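Results of the structural survey
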Amino acid sequence: MKIDVDVVVIGGGIAGLWTLRRLRDEGYNAVLLESEALGAGQTRYAQGIIHGGTKYALTGKLTASSEAVAGMPAIWRACHQGRGEVDLRQAKIISDAHYLWSTSNLASRITGFFASQVMRERTVALSTQQRPSLFRHRAFKGAIYRLDEPVFDTISVLQALAVPVMPAILAINKHALLMRPSALEVEAVNGDSFEFNYKRLVFMAGQGNEDLLNAAELRGPAMQLRPLKMVIMRGGLSESVFAHCMGAGVNPRLTITSHLDDEDNIVWYLGGQLAEDGVFRSDSGQIAHAQQELDELIPWLPQQGLQWATLDINRAEVRHADGHRPDTCYAVRQDAIITAWPIKMALAPLLARQVLDLVADVDKTSGELPAWPQPVFAEYPWCEPARWGMT
Ligand SMILES: Cc1cc2nc3c(=O)[nH]c(=O)nc-3n(C[C@H](O)[C@H](O)[C@H](O)COP(=O)(O)OP(=O)(O)OC[C@H]3O[C@@H](n4cnc5c(N)ncnc54)[C@H](O)[C@@H]3O)c2cc1C
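Let us look at the structure shown here. (Residues numbered from 1 in each chain as written. Predicted model: local features only at pLDDT ≥ 70, side-chain atom pairs only at ≥ 80, totals over all residues.)

On to the overall build of the chain. Looking only at helices and strands, the chain has nine helices and 18 strands in total. Rg of the C-alpha trace for the chain: 22 Å, near the compact-globule value of 21 Å for 391 residues, within the 12% margin. Referenced to the eigenvectors of the C-alpha coordinate spread, the extents of the chain come out at roughly 70 × 45 × 40 Å. Taking contacts inside the chain between residues at least 6 apart in sequence as the whole, the part at least 24 apart equals 71%. (Helix = DSSP H or I, 4+ residues; strand = E, 2+ residues; numbered from the N terminus. Rg over C-alpha atoms; globule rule 2.2 N^0.38 Å. Contact = placed C-beta atoms within 7 Å.)

Below, the structure is given as structure tokens:
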């Protein structure tokens, strides 16, 4: 079946879905193609924190990264309240804030940081009563600050974005994709074939962008992968925690977010420097290291009976000269093809705006789309029983 559309987006993670929603709201006849499940790439692994840049400003000066994300919490909150550029009222905020804490030997560094002019607003260390209950323990000797940056349930965000535009989302077989100038042939998961005549084709497939660029015979932009070995733990955890532990370096030493597994048990999801360095460790070595970190940083947390697992996942981004994280989201247009990566989930709104600018010269058309198979939403890794092999 041949179909004329304005824009085809490939990839149903946070970037593709936010962009599809914006395009359709603006009146473009846009469709999205997904070859696995919505969110199946990096998005289901995200910790869901909508950073406002504080984490990146820890060097003591405003960095390009912290400037880029500074406005994101306000944009996401407006969407969640139903007065933003997309309607996220159905999405869940799992924590209204997260916390930055330090051990006693680094307390002066964190205090100095929050008192410095780097911060837009003066922030004071929380008193015992203001702290999350985990940090009210008498053994806690450091300093802790609240960051007014929400944490979202990422799959619920994808649902809020996708459900109203579901008829424009097609589940395809990844390897049956043929690209020609201004036309794209795909095979739907039920075997039906579609040929899309497009005006713009947007690659928003995360790690999959590289294959798409090759299929389109484009030499760039180059992609980089930055691997992480995250850790999940569950079993008798009684409280949810959303906090970064500041270490001696620029990155948080440990980041903890909390989620629910398929039986509603609390799962702690551990990242930060632990996950960056963990790629050089075996799974069991990484778990042992996580246990040691928790022993040092939260020694009052009982660890008996906990179940552990590691999650390996790559961050996929445009290549940065020195291999570090790019400062902000990236989109480039080469003739009719746009290639984009958000770098952070938080930056999806900014990336969608860039893509809207890159399609601004496309005439909007209206057209009916046929009924076709739609993808399901991905599961969180911690909701997949097979992940919890190791105890
Ligand atoms: C462990 C971890 C924690 C993170 N935590 C945070 C956080 O707290 N806050 C934050 O802001 N950011 C966070 N991030 C970053 C954030 O998750 C990513 O920037 C974001 O999810 C990338 O979204 P995306 O849509 O570009 O790609 P993806 O989520 O990878 O989506 C790409 C989609 O394209 C599909 N696809 C691939 N190839 C094809 C093809 N050929 N045809 C059709 N479909 C295809 C895939 O199946 C997938 O669904 C984190 C990342 C990781 C790895």
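On to the site of the ligand. Lining the immediate surroundings of the ligand are 38 residues, of which G11, G13, G41, G206 and G208 lie closest. Ranked by the residues each element gives to the shell around the ligand, the list is headed by helix α1 (residues 14-25), at three residues. Considered class by class, the residues forming the shell around the ligand number 19 nonpolar, 14 polar and five charged. (Near = placed C-beta within 6 Å. Nonpolar A, V, L, I, M, F, W, Y, C, P; charged D, E, K, R; others polar.)

Further remarks concern the sheet that holds strand β6 (residues 143-147). With mixed pairing, seven strands are arranged side by side in an open sheet as β6-β5-β13-β14-β15-β12-β16. Two strands lie at the open edges of the sheet, namely β6 and β16 (307-318), each paired on one side alone. If you compare each strand with its neighbour and ignore which way they point, the axes differ by 25 degrees on average. By the bridge criterion, four bridges tie strand β12 (residues 223-234) to strand β15 (residues 266-271) in an arrangement that is antiparallel. Counterpart to M233 in the pairing with β15 is W268. (Pairing = 2+ DSSP bridges. Axes fitted to C-alpha atoms, helices over the stretch in contact; angles between N-to-C directions.)

Another point: the sheet that holds strand β11 (residues 200-203). Strand pairs in the sheet, formed through backbone hydrogen bonds, run parallel or antiparallel to each other. Taken in spatial order, the nine strands make up an open sheet running β1-β10-β9-β8-β3-β2-β11-β18-β17, and their pairing is mixed. Taken across any chain shown, the strands that pair with only one partner, and hence form the sheet edges, are β1 (2-4) and β17 (330-334). Adjacent strand axes in the sheet meet at a mean angle of 35 degrees when their direction is disregarded. Pairing of strand β3 (residues 30-34) with strand β8 (residues 169-180), which is carried by three bridges, proceeds in the parallel orientation. Bridge pairing in β8 links L33 to L170. Seen against the sheet, α1 touches β2 (7-10), β3, β11 and β18 (337-341) and runs at an angle of roughly 160 degrees to β3.

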